[in-house]
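The primary structure of each chain is shown beneath.
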Amino acid sequence: MFGNQFPGGGGFPGGGQTGGFFPGGGPGFPGQSPGFPGQSPGFPGQPGGGQQGAPNTPPPSFTPQQPQFQTFAVDPGAIRGCLFRFTYIWLDNGSAFWFYPTFVGRNSVAGFRWRNFRWVYFGIDLDRVRSFQCF
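Everything in this summary refers to the structure shown in the same document.

### Details of the side chain of Thr87
Then, in step 1: Note that Thr87 resides in strand β1 (residues 87-91).
Then, in step 2: Under the relative-accessibility criterion, Thr87 is labelled buried at 0%.
Then, in step 3: Sequence-distant contacts of Thr87, that is, excluding residues within four places in its chain, are made with Cys82, Phe97, Trp98, Phe99, Pro101, Phe132, Gln133 and Cys134.

Pasting the structure below:
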């Protein structure tokens, strides 16, 4: 339905690359609309059926050091404490970036990733997150 409305293909700004989070390859959850620039899809259980938007400011200007402890899986209860806070994420594939989580599910987290000097909506499975630190 949202096919190639955005440059790069897919129904999502940036070409629909979501890191494997969204079922069926499209943004959002089953039954949810994908959202458009300046809007965020709604999530169940949040006031008004929506979510907070991206931060109005860039993330902190420093890059934190990765914690030395190794975890086998990130617990949703642990990362839930980082909701609506600047969070630095390290993934199993070696990627690391600033993230602003707005939703935590049983197996996934969604929010805004700092990319190319702007916030981009992003979601990922928790089993791909090696570690995180919120500020």
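### Let's talk about the sheet that holds strand β4 (residues 118-125)
Then, in step 1: One open sheet holds the 5 strands; their spatial order is β4-β3-β2-β1-β5, and the pairing between them is antiparallel. Among the strands making up the open sheet, the edge pair consists of β4 and β5 (129-134). Neighbour-to-neighbour, the strand axes of the sheet open up by a mean angle of 40°, direction not taken into account.

### Brief notes about the pairing of strand β2 (residues 96-104)
Then, in step 1: Among the 9 residues of β2, 8 are classified as buried, and the element is accordingly described as predominantly covered.
Then, in step 2: Bridge analysis of β1 against β2 gives 4 bridges, and the strand direction is antiparallel. Paired with Trp90 across the bridge in β2 is Ala96.
Then, in step 3: Hairpin geometry of β1 and β2 is characterised by an intervening segment of 4 residues between the two adjacent antiparallel strands and by a positive phi of about 95° at Gly94.
Then, in step 4: One ladder, built from 5 bridges, connects β2 with strand β3 (residues 108-115); its direction is antiparallel. Across the sheet, Pro101 pairs through a bridge with Gly111, a residue of β3.
Then, in step 5: Counted between consecutive antiparallel strands, the loop separating β2 from β3 contains 3 residues.

### What to know about unusual backbone geometry
Then, in step 1: Of note in the backbone geometry, Asn116 takes a positive phi value of approximately 55° without being a glycine.
Then, in step 2: Inspection of the secondary structure puts Asn116 in the loop between β3 and β4.
Then, in step 3: The residue Phe117 is not glycine, and still its phi comes out positive at about 65°.
Then, in step 4: The topology assignment puts Phe117 in the loop between β3 and β4.

### A short note on the pattern of salt bridges
Then, in step 1: Per the stated rule, a full pass over the model turns up 1 salt bridge.
Then, in step 2: A salt bridge links Asp92 to Arg130, with the shortest nitrogen-to-oxygen separation between them at 3.6 Å. Placement of the pair is Asp92 in the loop between β1 and β2 and Arg130 in strand β5, with a sequence separation of 38 residues.
Then, in step 3: Judged by its relative accessible area of 41%, Asp92 is partly exposed.

How each quantity is defined
Residues numbered from 1 in each chain as written. Predicted model: local features only at pLDDT ≥ 70, side-chain atom pairs only at ≥ 80, totals over all residues. Heavy atoms only, no water. Helix = DSSP H or I, 4+ residues; strand = E, 2+ residues; numbered from the N terminus. Buried < 20%, exposed > 50% of the residue type's maximum accessible area, 1.4 Å probe, protein only. Contact = heavy atoms within 4.5 Å. Pairing = 2+ DSSP bridges. Axes fitted to C-alpha atoms, helices over the stretch in contact; angles between N-to-C directions. Salt bridge = Lys/Arg side-chain N within 4 Å of Asp/Glu carboxyl O.

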